[in-house]
Amino acid sequence: PGGLEDSPPLGPAAMELNQGDAVGGLVSRSDVAAAAVAAADSTDVDGTTFELYAFGAAFAQQPGPTDFGLPSPTGYERRGAGWPELFRGLKKDFSKL
């Protein structure tokens, strides 16, 4: 996940997933726990790696340019109203292809 915060959960609609370890942000520990429980019950995350962070003004921070030379946005951003929608369409890790 992104940087962990001891703050109230915001829920999946306030989260963004990204892949490639290129963008990050802050996320509550409660949202990480909820994502982990939802991921354990989802086949969409099998063989994937992703970053999870609150998007927008939730922590007064937005993902920005990276030091890795990747564009911001990276094109791997995922947002949705619920965990299933966030997980749907994640790209498999190269080692899992």
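Residues numbered from 1 in each chain as written. Predicted model: local features only at pLDDT ≥ 70, side-chain atom pairs only at ≥ 80, totals over all residues. Heavy atoms only, no water.

### Comments concerning the overall build of the chain
Scanning the chain from terminus to terminus reveals two helices and four strands. Start at the N end of the chain and walk to the C end: the helices and strands fall as β-β-β-α-β-α. Out of the 97 residues belonging to the chain, those deemed buried represent 37%. For the chain, long-range pairs separated by at least 24 residues make up 76% of all intrachain contacts whose partners lie at least 6 apart in sequence. Surface accessibility of the chain: about 5600 Å² in total, with carbon and sulfur atoms responsible for 55%. (Helix = DSSP H or I, 4+ residues; strand = E, 2+ residues; numbered from the N terminus. Buried < 20%, exposed > 50% of the residue type's maximum accessible area, 1.4 Å probe, protein only. Contact = heavy atoms within 4.5 Å. Areas by Shrake-Rupley, 256 points an atom, 1.4 Å probe, with all protein chains shown as cover.)

### Overview of the pattern of salt bridges
Going through the model one piece at a time under the given rule, you end up with two salt bridges. Residues Arg 29 and Asp 6 are paired through a salt bridge, measuring 2.6 Å at the closest nitrogen-oxygen approach. Here Arg 29, found in helix 1 (residues 29-40), pairs with Asp 6, found in the loop between strand 1 (3-5) and strand 2 (15-18); they are 23 residues apart in sequence, far enough to count as distant. For Asp 6, a relative accessible area of 71% corresponds to the exposed category. Of the charged contacts, one joins Arg 79 and Glu 16 as a salt bridge, the two residues approaching to 2.5 Å between their closest N and O atoms. Taken as a pair, Arg 79 in the loop between strand 4 (51-54) and helix 2 (83-87) and Glu 16 in strand 2 lie far apart in primary sequence, 63 residues in all. Assessed through its relative accessible area of 1%, Glu 16 is described here as buried. (Salt bridge = Lys/Arg side-chain N within 4 Å of Asp/Glu carboxyl O.)

### Digging into the nonpolar core
In a soluble, globular protein the nonpolar side chains are often hidden away together inside. Core analysis: the biggest nonpolar cluster contains 14 residues, and Met 15, Leu 17, Leu 52, Trp 83 and Phe 87 have the highest contact counts within it. Contributing elements (two or more residues each) for this core: strand 2, helix 1, strand 4 and helix 2. (Core = buried A, V, L, I, M, F, W, Y, C linked by side-chain atoms within 4.5 Å.)

### Some details on the packing of aromatic side chains
Evaluated as defined, the whole model comprises two aromatic pairs. With a centroid separation of 5.8 Å and 45° between ring planes, the pair formed by Phe 50 and Phe 87 is classed as tilted. Here Phe 50 is found in the loop between helix 1 and strand 4, whereas its partner Phe 87 is found in helix 2, with 37 residues between them in sequence. A centroid spacing of 6.0 Å and a plane angle of 25° characterise the contact between Trp 83 and Phe 87, whose relative ring orientation is stacked. Linking Trp 83 with Phe 87, this pair stays in helix 2, spanning four residues, or about one helical turn. By the burial criterion, Trp 83 is buried, and Phe 87 matches it. Aromatic ring contacts, followed pair by pair, group Phe 50, Trp 83 and Phe 87 into a single cluster. Stacked on the ring of Phe 55, the Lys or Arg Arg 79 has its end atom at 3.8 Å from the ring centre. (Phe/Tyr/Trp six-rings, centres within 6.5 Å; stacked < 30°, edge-to-face > 60°. Lys NZ or Arg CZ within 6 Å of the ring centre and 35° of its normal.)

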